[in-house]
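So the chains spell out like this:
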Amino acid sequence: MPRILDDIRRSRAGAPCLIAIKTNDHIAHDSLERTFTRATHLRSVTPAPTLPHGANMDFHLYRLD
């Protein structure tokens, strides 16, 4: 994932952009922190769970500078 983010940065010639990702509710949140160390976390949205743990979705928004 870090390589993909670096490719996005290069393709945008340093212009910032927003990155939205969808994860399940079983993701290790420190893995997001490690992956997006050079991005700014803007918001996470966790809808009310309707499925068993691990099958529900979380949404995360980052600004990539």
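Residues numbered from 1 in each chain as written. Predicted model: local features only at pLDDT ≥ 70, side-chain atom pairs only at ≥ 80, totals over all residues. Heavy atoms only, no water.

Taking every second residue as pointing to the same face, the buried face of strand β3 (residues 57–64) carries D58, H60, Y62 and L64, while none of M57, F59, L61 and R63 on the other face is buried. Bridge count for strand β1 (residues 17–24) against β3 is 8 bridges, and the pairing is antiparallel. Residue pairing in the sheet places A20 in a bridge with L61 of β3. As paired strands, strand β2 (residues 39–45) and β3 are joined by 6 bridges and run antiparallel to one another. Opposite V45, over in β3, you have F59 as the bridge partner. (Buried < 20%, exposed > 50% of the residue type's maximum accessible area, 1.4 Å probe, protein only. Helix = DSSP H or I, 4+ residues; strand = E, 2+ residues; numbered from the N terminus. Pairing = 2+ DSSP bridges.)

Quick look at unusual backbone geometry now. In this structure, A13 is a non-glycine residue whose phi angle is positive, near 50 degrees. Mapping A13 onto the fold places it in the loop between α1 (2–11) and β1. According to the relative accessible area criterion, A13 is exposed, its value standing at 72%.

With that settled, the discussion passes to the pattern of salt bridges. Under the criterion given, the structure shown has 5 salt bridges. When the shortest N-O distance is used, the salt bridge between D65 and R63 registers 3.0 Å. (Salt bridge = Lys/Arg side-chain N within 4 Å of Asp/Glu carboxyl O.)

In any sheet, the strands associate via hydrogen bonds between backbone groups, in a parallel or an antiparallel arrangement. With respect to topology, 3 strands assemble into an open sheet ordered β1-β3-β2, the strand pairing being antiparallel. Of all strands in the sheet, those bounded by a partner on one side alone are β1 and β2. The sheet shows a mean angle of 25 degrees between the axes of neighbouring strands, direction not considered. Strands in contact with α1 are β1, β2 and β3; relative to β3, the strand with the most contacts, it is inclined by about 45 degrees. (Axes fitted to C-alpha atoms, helices over the stretch in contact; angles between N-to-C directions. Contact = heavy atoms within 4.5 Å.)

Summed over all chains, the structure comprises 1 aromatic pair. Measuring from ring centre to ring centre gives 4.0 Å for F36 and Y62, while their planes differ by 10 degrees; the resulting arrangement is stacked. Taken together, the residues F36 in the loop between α2 (29–35) and β2 and Y62 in strand β3 connect sequence positions 26 residues apart. (Phe/Tyr/Trp six-rings, centres within 6.5 Å; stacked < 30°, edge-to-face > 60°.)

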